[in-house]
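# Secondary and tertiary structure notes
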Amino acid sequence: MPIVLISEALLLRSTLSDGRILRDRVLCGFCVRMNARKRSFKVATSVAGKQFRMVLGYWPLMSVDEARALAADVLRECRAGRTPSRVKTVAAVSPTLRFALLDYYLAKKIKASSQKRYESLMRTHFGEWLEESVSELGGLAFAAHCRAFANSKGSALVEVGRGILSALIKFLNAVHGLQLESPFVKLSAAGLMPERSQPRARVLQEADLPAWRDAVQRCFC
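Residues numbered from 1 in each chain as written. Predicted model: local features only at pLDDT ≥ 70, side-chain atom pairs only at ≥ 80, totals over all residues. Heavy atoms only, no water.

### Topic: the pattern of salt bridges
- A full pass over the atoms with the stated rule returns six salt bridges.
- Residues arginine 76 and aspartate 73 are paired through a salt bridge, measuring 2.9 Å at the closest nitrogen-oxygen approach. Within this pair, arginine 76 and its partner aspartate 73 are both found in helix H2 (residues 64-79), separated by three residues, close to a single helical turn.
- Look at arginine 76 and you get exposed, because its relative accessible area is 52%.
- Here arginine 98 makes a salt bridge to glutamate 131, at a shortest N to O gap of 2.5 Å. Of the two residues, arginine 98 is situated in helix H4 (residues 97-108) and glutamate 131 in the loop between helix H5 (112-125) and helix H6 (140-152); the sequence distance between them amounts to 33 residues.
- You can call arginine 98 partly exposed: its relative accessible area is 35%. (Salt bridge = Lys/Arg side-chain N within 4 Å of Asp/Glu carboxyl O. Helix = DSSP H or I, 4+ residues; strand = E, 2+ residues; numbered from the N terminus. Buried < 20%, exposed > 50% of the residue type's maximum accessible area, 1.4 Å probe, protein only.)

Below is the structure:
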């Protein structure tokens, strides 16, 4: 296993996708597996003479600093001869909305142009939530924020915002085993969402009538 300094810059630049494991130069036992779809932070060590492996989380849903801090706690338990609790330890660090979005873009291969639009919308209308834990997306405060957003912005903008957040929540539930429900689903069920935007009907102008009449006549010839 290559020994490197695991960092955000390394994970951003690296093109490795063959499942190779990189060990951290700073914290012995902390490593990252480089797969095509995700980068998995792991602990690889021993407890009382037996091999011990634990997946800590996935980049960029979890940052390198968060993973290294969590790994240090796990390794401390291992070196004391105690086997860490897997469920409790993995749940100890909750990713932020910002990192969850990055993970979603990467997994779904969202185009750069679409990412730019989504980032602008999230920064403008949900900026205060970007550094909050994704667990907050299921809370009452976030639901209230979504309701205010839905009832104060244009229907087209609301549809985009609702689409991004609902898709993200579905992704988190499927890939990371969470049980979140989109606030927009709850608001819609309670009748608190505005009507969805509809395509604007085209009104025929006088100049359109001859061309329209000729087209109809050709259909019956």
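### Overview of the packing of H6 against helix H7 (residues 155-176)
- Contact geometry for H6 and H7: axes closest at 10 Å, N-to-C directions at 150°. Between H6 and H7, the interaxial angle falls into the category roughly antiparallel. Taken together, the residues of H7 that come into contact with H6 (itself represented by Phe142, Phe149 and Ala150) are Leu157, Val158, Gly161 and Leu165.
- When grouped by side-chain class, the residues that make up the contact of H6 with H7 number six nonpolar, one polar and no charged. (Axes fitted to C-alpha atoms, helices over the stretch in contact; angles between N-to-C directions. Parallel < 35°, antiparallel > 145°, perpendicular 65-115°, else oblique. Contact = heavy atoms within 4.5 Å. Nonpolar A, V, L, I, M, F, W, Y, C, P; charged D, E, K, R; others polar.)

### Focus on the packing of aromatic side chains
- With the rule as written, the count across this model stands at seven aromatic pairs.
- Considering the side-chain rings of phenylalanine 30 and phenylalanine 41, the 5.9 Å spacing of their centres and the 25° angle between planes classify their relative orientation as stacked. Of this pair, phenylalanine 30 sits in strand E3 (residues 30-35) while phenylalanine 41 sits in strand E4 (residues 39-47), and the two are 11 residues apart along the sequence.
- An aromatic cluster is present here, built from Tyr104, Tyr105, Tyr118 and Phe171 joined pairwise through their rings. (Phe/Tyr/Trp six-rings, centres within 6.5 Å; stacked < 30°, edge-to-face > 60°.)

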